[in-house]
Amino acid sequence: MFSYDGLTSPERELWDAFPQGRRVDLRTGVAADDRAAGGVRWGPGRTVRAAVVVALLLGANAAQPGAVAGLRLAGARLTGRLDLAGAEVGHALWLEDCWFEEAVDLLGASTRTLVITGSRIPGVEAYAARIEGTLDLRRSVVERLGSSPFNHVSTALSLSDARVTGGLLLDGAEISAPGGWAVAAGGLVMEGGLTCRGGFAVRGEVRLPEAQLPGVLFMRGAQLLSPGPTGAALTLDNAVGSTFDSSDGFVANGTVRLRGARVSDSLTFARAVLSGPRDGRGPSLAAPSVQAADVDLTLARVPSGAVDLRGAQVSSLHDGEHSWPDVVELDGFVYGSVTVDEAGERREAVGRRDSVAHRLAWIRRSPGYHPQPYEQLAGWYRKAGHDDARRVLLARQRHRRRTLPRAARVWGHLLDATVGYGYRPWLAGVWLLALTSLGTLVFGAHSPVPVKRGEGAPFQPLVYSLDLLIPLGGLGQRTAWYWPDSGLQWLAYLLIALGWVLTTAVVAGVTRVLQRN
């Protein structure tokens, strides 16, 4: 416990101001001298022991009737550790442009609004803290505090399993834990928004797995300059929120992970840069099984790493010329509509002249063969009332063919050439017309020999050719005539064989289409 006589001049001023919630400003008014980065050089006239702050917050000087007590301090050098671990703090704390000698410890604490702006802090530990109000760290510089007591990774700002009833404001903050976790907030529960704008810069991973963010996550223009130990710059696995906005200059030099995240409104990376890990070994965007109403991937430039959307479900997808890298994982990806950004205008992708070719090239960026992306795309075209679904399904069969054994590939080529796997049945008519014309011309230039003289219908080369090509039934020509010229007889046999092949291909193709439908 402190005695009043043992306090320094700035500590007495703070002590006296606390019951009325008055602010104590120790700044000189000279900007160069008041920057928190230089606080280590501030003398006794601007120095306050952190233990005095703790004592006041825990009731060392009672509030006066009719006044709201609170600690408001600006431009101070705080020595020692601001240790509120496990404490129940009933007063708000406002610290501005302060320099902290040691980390702030809020482990398991229950507090009111905490405002530490424009300050330099060697780490904030707020694991399992309960903050009834806002946590404001705008424009502050928060540096690593070494390994967290709950893991072996260096952490700068720890908010794992914390609960904040107001907002978490990190606009303009610089948080640094190179190679570690800049922000560790797994299981964070927010009732307000989380904003990281206005020059927010991070070295290390921002971790928000399983966070509950019913408000918004604003990271417009945020700079995630280096990844964490796993190569991730931002992790939102299984997080829940209404809006995740990482647009307008957002940069992630590491993987952005959204595995299993659920976003009820929009997930946007418009004009963002997703660089991925520098070693190129991880994806730029890993969003398998994500669920979102609206996803905007109109990026500022093509991601350097893969984009993984396996099992994702979105109502609307917006993309553009810079959206897709060489590798895009699409197996299980379900979408309701796709719009394309062209010259700043969004247009329904299904209406573009090169829509099908563009979308098929998009699917082929996915490694290996997966039927679902083709089925999804074909279903989208059907829903839009376009017949391009047939082209998509034909492309699926051609892609699948490359994965089959040689004999099956040969049969596939035959089905493709004759009936387009059943999606181009008119090809059978083309083949029938071509072969009938060939037979008519060749057989019409020669005279056959009747099997039985004086019996049967007169020889008609057109009908004879059709009789050879149609394997079922008969037109009475094939059995009534034969050719003394062995070459012409072999042509007749060839047309019979081609007729069977063509018929089999038609039946197989139509059956395949009917089964799929």
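Residues numbered from 1 in each chain as written. Predicted model: local features only at pLDDT ≥ 70, side-chain atom pairs only at ≥ 80, totals over all residues. Heavy atoms only, no water.

(A) Spotlight on the overall build of the protein. The number of helices and strands found in the protein is 10 helices and 39 strands. The C-alpha radius of gyration of the protein comes to 37 Å, more than 25% above the 24 Å expected for a compact globule of 517 residues. Along the first, second and third principal axes, the C-alpha atoms of the protein reach 140 × 40 × 40 Å. Relative to its full complement of 517 residues, the protein shows a buried share of 51%. Intrachain contacts of the protein at a sequence separation of at least 6 include 52% that bridge at least 24 residues. Put simply, the protein shows about 22,900 Å² of open surface, and 53% of that area lies on carbon and sulfur atoms. Looking at charge distribution, the protein has the averaged site of its 54 positive side-chain charges lying 8 Å from that of its 49 negative ones. (Helix = DSSP H or I, 4+ residues; strand = E, 2+ residues; numbered from the N terminus. Rg over C-alpha atoms; globule rule 2.2 N^0.38 Å. Buried < 20%, exposed > 50% of the residue type's maximum accessible area, 1.4 Å probe, protein only. Contact = heavy atoms within 4.5 Å. Areas by Shrake-Rupley, 256 points an atom, 1.4 Å probe, with all protein chains shown as cover. Lys, Arg positive; Asp, Glu negative; His and termini not counted. Charge placed at Lys NZ, Arg CZ, Asp CG, Glu CD.)

(B) Main features of helix α4 (residues 355–363). Those residues of α4 that sit buried are S355, V356, R359, L360, W362 and I363. For α4, the buried positions fall inside an angular range of 155 degrees around the axis, keeping them on one side. (Arc of directions from axis to C-beta.)

(C) Main features of the pairing of strand β10 (residues 114–117). Of the two faces of β10, the one carrying L114 and I116 and the one carrying V115 and T117 are both buried. Direction of pairing for strand β6 (residues 93–96) relative to β10: parallel, over a ladder of four bridges. Within β10, the residue paired with E96 across the bridge is T117. Pairing of β10 with strand β14 (residues 135–136), which is carried by two bridges, proceeds in the parallel orientation. Its bridge partner lying in β14, L114 is registered against L135. (Pairing = 2+ DSSP bridges.)

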